[in-house]
Amino acid sequence: WGYTFVKVFKNRDEKLNKILKPFGLTWPQFIPCWRSFYILRSAGRIKNDKELEAIIQWVVKKEIPVKKIIEITAESHLIPKEHIDVVKKLKKKYKVGILSNNVQGWADRVLKNYKIENLFDALIVSSKVGVRKPDVLIYYTALKKFSVKPEETIFVADEMAEDLVPATGLGMKTIWLKPSRTGWWNKNDEKILEIYQPDGIIKNFGEISQIIRKLEKIWKPEFSEIKKLA
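Residues numbered from 1 in each chain as written. Predicted model: local features only at pLDDT ≥ 70, side-chain atom pairs only at ≥ 80, totals over all residues. Heavy atoms only, no water.

**Topic: the overall build of the protein**
So, point 1. If you tally the helices and strands in the protein, you get 11 helices and seven strands.
So, point 2. Taken against the 2.2 N^0.38 rule, which gives 17 Å for 230 residues, the C-alpha radius of gyration of the protein at 18 Å falls within 12% of a compact globule.
So, point 3. Within the span of the protein, comprising 230 residues, buried residues form 50% of the whole.
So, point 4. In the protein, the proportion of contacts linking residues at least 24 apart, taken out of those at least 6 apart, comes to 66%.
So, point 5. Of the accessible surface of the protein, which amounts to about 12,400 Å², a share of 53% is contributed by carbon and sulfur atoms.
So, point 6. Where the 43 positive side-chain charges of the protein centre and where its 28 negative ones centre are 3 Å apart. (Helix = DSSP H or I, 4+ residues; strand = E, 2+ residues; numbered from the N terminus. Rg over C-alpha atoms; globule rule 2.2 N^0.38 Å. Buried < 20%, exposed > 50% of the residue type's maximum accessible area, 1.4 Å probe, protein only. Contact = heavy atoms within 4.5 Å. Areas by Shrake-Rupley, 256 points an atom, 1.4 Å probe, with all protein chains shown as cover. Lys, Arg positive; Asp, Glu negative; His and termini not counted. Charge placed at Lys NZ, Arg CZ, Asp CG, Glu CD.)

**Brief notes about the pairing of strand 3 (residues 97-100)**
So, point 1. Of the two faces of strand 3, the one holding Gly-97 and Leu-99 and the one holding Ile-98 and Ser-100 are both buried throughout.
So, point 2. Sheet topology places strand 3 next to strand 4 (residues 122-125); four bridges connect them, and they run parallel. Paired with Ser-100 across the bridge in strand 4 is Val-125.
So, point 3. Between the parallel elements strand 3 and strand 4, the chain passes through helix 6 (residues 104-113) in a crossover that is right-handed. (Pairing = 2+ DSSP bridges. Right-handed = clockwise from strand over helix to strand, strands pointing away.)

**Notes on the sheet that holds strand 5 (residues 154-157)**
So, point 1. If you walk across this open sheet you meet the three strands as 5-6-7, and the pairing is parallel. Each edge of the open sheet is held by one strand with a lone partner, namely strand 5 and strand 7 (200-202). Taking each pair of neighbouring strands and ignoring which way they run, the sheet shows an average axis angle of 20 degrees.
So, point 2. With respect to the sheet, helix 9 (residues 160-170) is in contact with strand 5 and strand 6 (173-177), its orientation differing from that of strand 6 by roughly 160 degrees. (Axes fitted to C-alpha atoms, helices over the stretch in contact; angles between N-to-C directions.)

**Topic: the nonpolar core**
The tendency in soluble globular proteins is for nonpolar side chains to be buried side by side.
So, point 1. Membership of the largest hydrophobic core comes to 30 residues, with the highest contact counts inside it found for Trp-1, Phe-5, Phe-120 and Ile-175.
So, point 2. Those elements giving two or more residues to this core turn out to be helix 5 (81-90), helix 6, strand 5, strand 6 and helix 11 (208-218).
So, point 3. Excluding residues that lie within four positions of it along the chain, Phe-120 makes contacts with Phe-5, Val-87, Lys-91, Val-96, Gly-97, Ile-98 and Leu-111. (Core = buried A, V, L, I, M, F, W, Y, C linked by side-chain atoms within 4.5 Å.)

**Considering the packing of aromatic side chains**
So, point 1. A full pass over the atoms with the stated rule returns 10 aromatic pairs.
So, point 2. Arranged with centres 5.0 Å apart and planes meeting at 85 degrees, the rings of Phe-5 and Phe-120 form a pair that is edge-to-face. Placement of Phe-5 in the segment before strand 1 (8-9) and of Phe-120 in the loop between helix 6 and strand 4 is noted, with a sequence separation of 115 residues between them. Summarising the burial analysis for this pair, Phe-5 and Phe-120 share the class buried.
So, point 3. A centroid spacing of 6.1 Å and a plane angle of 50 degrees characterise the contact between Trp-27 and Phe-30, whose relative ring orientation is tilted. Of the two residues, Trp-27 and Phe-30 are both situated in helix 2 (residues 27-42); the distance of three residues between them amounts to about one turn of the helix.
So, point 4. Of the residues examined, Trp-27 reaches a relative accessible area of 3% and is grouped as buried.
So, point 5. Among the residues examined, Phe-30 registers a relative accessible area of 2% and is labelled buried.
So, point 6. Members of the aromatic cluster, each reached through a chain of ring pairs, are Trp-27, Phe-30, Trp-34, Tyr-38 and Trp-106.
So, point 7. The cationic tip of Arg-12 hangs over the ring face of Phe-9; the distance from NZ or CZ to the ring centre is 4.8 Å. (Phe/Tyr/Trp six-rings, centres within 6.5 Å; stacked < 30°, edge-to-face > 60°. Lys NZ or Arg CZ within 6 Å of the ring centre and 35° of its normal.)

**With respect to the packing of helix 1 (residues 12-20) against helix 4 (residues 66-76)**
Pairs of packed helices are described in terms of their axes, by the angle between the two and the distance that separates them.
So, point 1. Running from N to C, helix 1 and helix 4 cross one another at 165 degrees; their axes reach a closest spacing of 10 Å. Taken together, the axes of helix 1 and helix 4 lie roughly antiparallel to each other. The hand of the helix 1/helix 4 crossing is right-handed. Counted together, Arg-12, Lys-15, Leu-16, Ile-19 and Leu-20 of helix 1 and Lys-68, Ile-69, Ile-72, Thr-73 and Ser-76 of helix 4 form the full contact between these two elements.
So, point 2. For the contact of helix 1 with helix 4, the class distribution of residues is five nonpolar, two polar and three charged. (Parallel < 35°, antiparallel > 145°, perpendicular 65-115°, else oblique. Left-handed = near helix turned anticlockwise from the far one by under 90°. Nonpolar A, V, L, I, M, F, W, Y, C, P; charged D, E, K, R; others polar.)

**Points about the side chain of Arg-12**
So, point 1. With respect to the helices and strands, the residue Arg-12 is situated in helix 1.
So, point 2. Of the residues examined, Arg-12 reaches a relative accessible area of 17% and is grouped as buried.
So, point 3. In contact with Arg-12, not counting residues within four places along its chain, are Trp-27, Ile-72, Thr-73 and Ser-76.

These figures capture arrangement, not role.
Right, dumping it as structure tokens:
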């Protein structure tokens, strides 16, 4: 999802700084608090946005406009047209899905904004499953949804430790979308490369079809018709 199918979050930080300024905060200052409760929300531990807002406001003792933060974040998702076109092309041969540590309603809102609610064959989101990657349950949920075996799938992600390593452990094929930026979520990925190698590496989303064709030639014939999870 983020930094894979979704490329960047356009103008988000500037807008969030503006709405937090009356509370004596900037978005970088608020991120540690937000991240902690976002993880609980995306894991299904906090059940809805109203509860999320109440908890954050109680913790910081300020009337932080959490609903506005969610709205701005959803609107800031930048999904390039070429990414959508890649998925459409892949769907001619494969089943394509999203497997994301996210909040179901938030992801649904982004897809609706782009009018691509039906683009993917399935949307498996951590808040609905009740666990986040790298928990194997969310991968199992995706495999069950598509009725496929791990070795019949390809998982594409920009995060090594949280996404691709557990997928490989389950027997999935993996493609690493090498990120153009580094954050708290992937700061150790280069170190992980010293002991782990994905099946393929790409630099942009548009290379997915090409590398799948390349990898199909070296994989066993019985896996040539691979059903793909993005």
